[in-house]
Amino acid sequence: MSTTLARRTAAAALSFASALVLAACANPSDGGTTEVADAKGGTTKINLGPDQNRVTTDKVGSIAAEVPEAIRRRGTLEIVDSSGSAAPLTFHATDNKTVIGVEPDIACLVADVLGLKPHFNGVSWENIFVGLDSGKYDVGFSNITVTEERKEKYDFAPYREDNLGFEAKKGSGLTVTGPEDVAGKSVAVGSGTNQEKLLIEWSKENETAGREPVDIKYYQNDSDTYLALQSGRIDLYLGPNPTAAYHAATTGKTEVVGTYSGAGATLQGLIAATTKKDSGLVKPLADALNHVIRNGTYAKVLERWGLSDEAVTKSEINPPGLPKTNK
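Each value, and the rule that gives it
Residues numbered from 1 in each chain as written. Predicted model: local features only at pLDDT ≥ 70, side-chain atom pairs only at ≥ 80, totals over all residues. Heavy atoms only, no water. Core = buried A, V, L, I, M, F, W, Y, C linked by side-chain atoms within 4.5 Å. Buried < 20%, exposed > 50% of the residue type's maximum accessible area, 1.4 Å probe, protein only. Helix = DSSP H or I, 4+ residues; strand = E, 2+ residues; numbered from the N terminus. Contact = heavy atoms within 4.5 Å. Expected span 1.5 Å × (residues − 1). Phe/Tyr/Trp six-rings, centres within 6.5 Å; stacked < 30°, edge-to-face > 60°. Axes fitted to C-alpha atoms, helices over the stretch in contact; angles between N-to-C directions. Parallel < 35°, antiparallel > 145°, perpendicular 65-115°, else oblique. Left-handed = near helix turned anticlockwise from the far one by under 90°. Pairing = 2+ DSSP bridges. Nonpolar A, V, L, I, M, F, W, Y, C, P; charged D, E, K, R; others polar. pLDDT = per-residue confidence, 0-100.

### Re the nonpolar core
Link 1 in the chain: Judged by nonpolar contacts, the single largest core of 57 residues is most densely connected at Ile106 and Phe141.
Link 2 in the chain: Counting only elements with at least two residues in this core, the list comes to β4 (76-82), α4 (102-114), α5 (125-134), β9 (154-169), β14 (269-276), α9 (282-295) and α10 (297-304).
Link 3 in the chain: When residues in this core are grouped by element, the largest group, eight residues, is from α4.
Link 4 in the chain: Beyond its immediate sequence surroundings of up to four residues, Ile106 is in contact with Phe141, Tyr159, Leu289, Tyr298, Val301 and Leu302.
Link 5 in the chain: Counting residues in hydrophobic clusters, the runner-up holds 17 residues, among them Leu164, Val189, Leu238 and Ala265.

### Things to note about α9
Link 1 in the chain: Counted at 1.5 Å a residue, the expected span for α9 with its 14 residues is 20 Å, and the 20 Å between its end C-alpha atoms agrees.
Link 2 in the chain: Within α9, ten of the 14 residues are buried, which leaves it mostly tucked inside the rest of the structure.
Link 3 in the chain: Within α9, the full set of buried residues consists of Val282, Pro284, Leu285, Ala286, Ala288, Leu289, Asn290, His291, Val292 and Ile293.
Link 4 in the chain: In this structure, the buried side of α9 is in contact with α2 (61-64), α4, β8 (139-140), β9, β14 and α10.

### Some details on the packing of aromatic side chains
Link 1 in the chain: Per the counting criterion, the structure on display carries eight aromatic pairs.
Link 2 in the chain: Aromatic pair Trp202 and Tyr260: ring centres 5.0 Å apart, planes at 80 degrees, arrangement edge-to-face. Of this pair, Trp202 sits in helix α6 (residues 194-208) while Tyr260 sits in strand β13 (residues 254-261); the two residues are 58 residues apart in sequence, bridging distant segments of the chain. The exposure classification of Trp202 matches that of Tyr260, with both residues buried.
Link 3 in the chain: Here the aromatic rings of Tyr226 and Tyr237 are separated by 5.5 Å at their centres, their planes lie at 80 degrees, and the arrangement is edge-to-face. Of this pair, Tyr226 sits in helix α7 (residues 222-231) while Tyr237 sits in strand β12 (residues 236-240), and the two are eleven residues apart along the sequence.
Link 4 in the chain: Accessibility expressed as a relative area gives 13% for Tyr226, which makes it buried.
Link 5 in the chain: Classification of Tyr237 as buried rests on a relative accessible area of 13%.

### Some thoughts on the side chain of Ser261
Link 1 in the chain: Within the secondary structure, Ser261 is located in strand β13.
Link 2 in the chain: Take Ser261: its relative accessible area is 0%, and that puts it in the buried class.

### Topic: the packing of α4 against α10
Link 1 in the chain: It is the contact of α4 with α10, at a shortest axis distance of 10 Å, that shows an interaxial angle of 165 degrees. Overall, the two elements α4 and α10 adopt an arrangement that is roughly antiparallel. In terms of crossing hand, the pair formed by α4 and α10 is right-handed. Of the residues in α10, those in contact with Val102, Asp105, Ile106 and Leu109 of α4 are Thr297, Tyr298, Val301, Leu302 and Arg304.

### Observations regarding helix α8 (residues 241-251)
Link 1 in the chain: Within α8, nine of the eleven residues are buried, which leaves the element mostly enclosed by the surrounding structure.
Link 2 in the chain: Taken together, the buried positions of α8 are occupied by Asn241, Pro242, Thr243, Ala244, Ala245, Tyr246, His247, Ala248 and Ala249.
Link 3 in the chain: Immediately downstream of α8, the backbone of Gly252 shows phi near 70 degrees, a positive value.

### With respect to the pairing of β4
Along a regular strand, successive side chains alternate from one face of the sheet to the other.
Link 1 in the chain: Most of β4 is tucked away: six of the seven residues are buried.
Link 2 in the chain: Pairing analysis gives seven bridges linking β4 to strand β7 (residues 117-123), with the strands arranged parallel. The partner of Leu77 across the bridge, within β7, is Pro118.

### Quick notes on the packing of α4 against α9
The description of two helices packed together rests on the angle between their axes and the distance between the axes.
Link 1 in the chain: Two elements in contact, α4 and α9, have axes whose closest approach is 9 Å; the angle formed by their N-to-C orientations is 105 degrees. The orientation of α4 with respect to α9, classified from their angle, is roughly perpendicular. Only Pro284, Leu285, Ala288, Leu289, His291 and Val292 of α9 make contact with α4, whose side of the interface consists of Ile106, Leu109, Val110, Val113 and Leu114.
Link 2 in the chain: Within the contact of α4 with α9, the residues separate by chemical class into ten nonpolar, one polar and no charged.

### Quick word on the confidence of the model for the protein
Link 1 in the chain: With 87% of its residues at a pLDDT of 70 or more, the protein has an overall mean of 88.
Link 2 in the chain: This stretch, residues 1-30, has a pLDDT under 50; its non-local contacts, to residues over four places away or in other chains, come to 60 contacts.

### Re unusual backbone geometry
Link 1 in the chain: Following Ala87, the chain continues to Pro88 via a peptide bond in cis, the omega torsion being 5 degrees.
Link 2 in the chain: Tracing the backbone through its elements, the reader meets Pro88 in the loop between β4 and β5 (91-92).
Link 3 in the chain: Not every positive phi belongs to a glycine, and Asn96 is a case in point at roughly 65 degrees.
Link 4 in the chain: Of the residues examined, Asn96 reaches a relative accessible area of 65% and is grouped as exposed.
Link 5 in the chain: Even without glycine at this site, Asp278 takes up a positive phi of about 60 degrees.
Link 6 in the chain: The residue Asp278 is located in the loop between β14 and α9 in this model.
Link 7 in the chain: Judged by its relative accessible area of 69%, Asp278 is exposed.

Encoded structure:
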């Protein structure tokens, strides 16, 4: 990793991790909230209830006119996201049915600009891409990383930085800064994710260097993964850094012991709205994102979820992504 990128990623991760120091949680008097300390020394109250009072913005006619006619006629933006629970990205409110988090909030802002009603479809990770391929869904807002391989089939409009976090049992004494630190370790990761791709390549790098490979583990859901982590059956869990930091802060049972850019050693990873290649939707998506970045509503959304450190200054269509070979 370049010195500049390493410092930037480390600083962002440290700032975000410190922003998620738990102050109080589950206040039943206001439908359920969690308070976390922010980077400025104050606290941010995260609303966990079904009544989200989301940040909204106005329709922009010139951008709405860019949306393909079939979608404009339908009047809805069919949004696909993961059905799994990953606070503060996408998860369920205290009623166990309302989808909340930074991902749906940003998706709703985009739909506002486009003059469309957002309709969320929660599916398993692999079915996000199956549904985009078939045209069943218009766009994915589900912590999807821009990769060079995915760019062959999909168009991307970025809206957050992508940093990964290695989570360990609290007091583990582990520190992860590179492949050698996970040699011989048992590490859980989600199948089909860019985290898995990076971990597999680190494992190969270890073997080439004469070190032990990574013992990669897969679990059906986060609860099984965290049970394995607490019981000592695995050493680490590699996932999105916001999720890792949030879980560590709100449970007090784990800690983030290392971070890494989601695009590899030489590039800052990006999370993006994802649509089928040449669907005609990526330009209005990017234009809508750039509009909410400029008018300040985007910043308000990130702030309400404690994710201001992951802000981007511009949504650039199909930027460089995680290389096919992460070297």
